[in-house]
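Listed below, chain by chain, are the residues.
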Amino acid sequence: MTFALAVLCGLAFAGTALTHMLDDGAVCVETGFWANASLGPDGLPVEQGVEASASATRLCQDSPSVAQRAADLGGRLPWLLFGAVALLLFSRLLKAVLLQGPFTDTVARRLSVLGWCVAVGTPLAGLVVGWSESWLTGSMAPVAGSEPTVSGPQALVLAGLAAVIMGKIMREGVRMREDLEGTI
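Keep in mind that this is a model prediction, so the values were computed, not measured.

Chemist: Go over the nonpolar core, please, and point to the residues and values.
Modeler: Of all hydrophobic cores here, the largest spans 13 residues; its most connected members are Leu 93, Val 107, Leu 111, Leu 114 and Met 170. Per element, the largest residue contribution to this core is seven residues, and it comes from helix α4 (residues 105-140). Residues contacting Leu 93, with those up to four places away along its chain left out, are Val 107, Arg 110, Leu 111 and Leu 114. Within the second largest apolar cluster, eight residues are counted, among which are Val 29, Val 50, Leu 59 and Ala 71.

Right, dumping it as structure tokens:
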């Protein structure tokens, strides 16, 4: 089941990338830069061809450049790729548990690898998404600027680190069991 979900996330990743790059529709981004700002008679300082709605929480470009379309993909694809990789590693972990049992060196190593993937991949995907959205906002409304931001649920870092620690504990338990079996 987890392998099927990993494949589904991978297909969604590839399908989204392909269809979005071939699409000629508008590119939109949401921003909180002008939250609670009053809209004056001149409107917002945006580039030509960009429409701003409400207090500029949503900006849309009708004829986006290749870089804007790529930045829009950068706001969508990293989490799909992260999900596919994490689910694939989780599927391998479950397969090892079913074949060898839960307290083996292979399971401990795979749990550690999954933990490191989640602990490092979460902020990395969040940084790519945040920076892509920030750059896209800056390309449509230069006054907003673009600065590195982190987007998404960063609490997954703690779950990843917990998996790394559990993998090390399990590895030590496996080593102790092998020492005990060797003594007897």
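Chemist: Please set out the pattern of salt bridges residue by residue, giving values where relevant.
Modeler: A full pass over the atoms with the stated rule returns six salt bridges. A salt bridge links Arg 171 to Asp 105; its shortest N-O distance comes to 3.7 Å. Separated by 66 residues along the polypeptide, Arg 171 in helix α5 (residues 156-183) and Asp 105 in helix α4 bring together distant segments of the chain. Measuring nitrogen to oxygen at the nearest pair gives 3.7 Å for the salt bridge that ties Arg 177 to Glu 181. Here Arg 177 and its partner Glu 181 are both found in helix α5, four residues apart, which amounts to about one turn of the helix. The network of salt bridges with shared partners includes Asp 105, Arg 109 and Arg 171.

Chemist: Account for helix α1 (residues 2-22), naming residues and giving values.
Modeler: Along its 21 residues, α1 runs 30 Å from first to last C-alpha, staying within 8% of the 30 Å computed at 1.5 Å per residue. The complete set of buried residues in α1 reads Thr 2, Ala 6, Ala 17 and His 20. For α1, the angular spread of the buried residues around the axis is 90 degrees, confining them to a single face. Set apart from the buried face of α1 by more than 90 degrees, the exposed residues are Leu 8, Leu 11, Leu 18, Thr 19 and Leu 22. Those residues of α1 that are buried lie in contact with α2 (66-74) and α3 (77-100).

Cut-offs applied
- Residues numbered from 1 in each chain as written.
- Predicted model: local features only at pLDDT ≥ 70, side-chain atom pairs only at ≥ 80, totals over all residues.
- Heavy atoms only, no water.
- Core = buried A, V, L, I, M, F, W, Y, C linked by side-chain atoms within 4.5 Å.
- Buried < 20%, exposed > 50% of the residue type's maximum accessible area, 1.4 Å probe, protein only.
- Helix = DSSP H or I, 4+ residues; strand = E, 2+ residues; numbered from the N terminus.
- Contact = heavy atoms within 4.5 Å.
- Salt bridge = Lys/Arg side-chain N within 4 Å of Asp/Glu carboxyl O.
- Expected span 1.5 Å × (residues − 1).
- Arc of directions from axis to C-beta.

The values are spatial; any link to function lies outside them.
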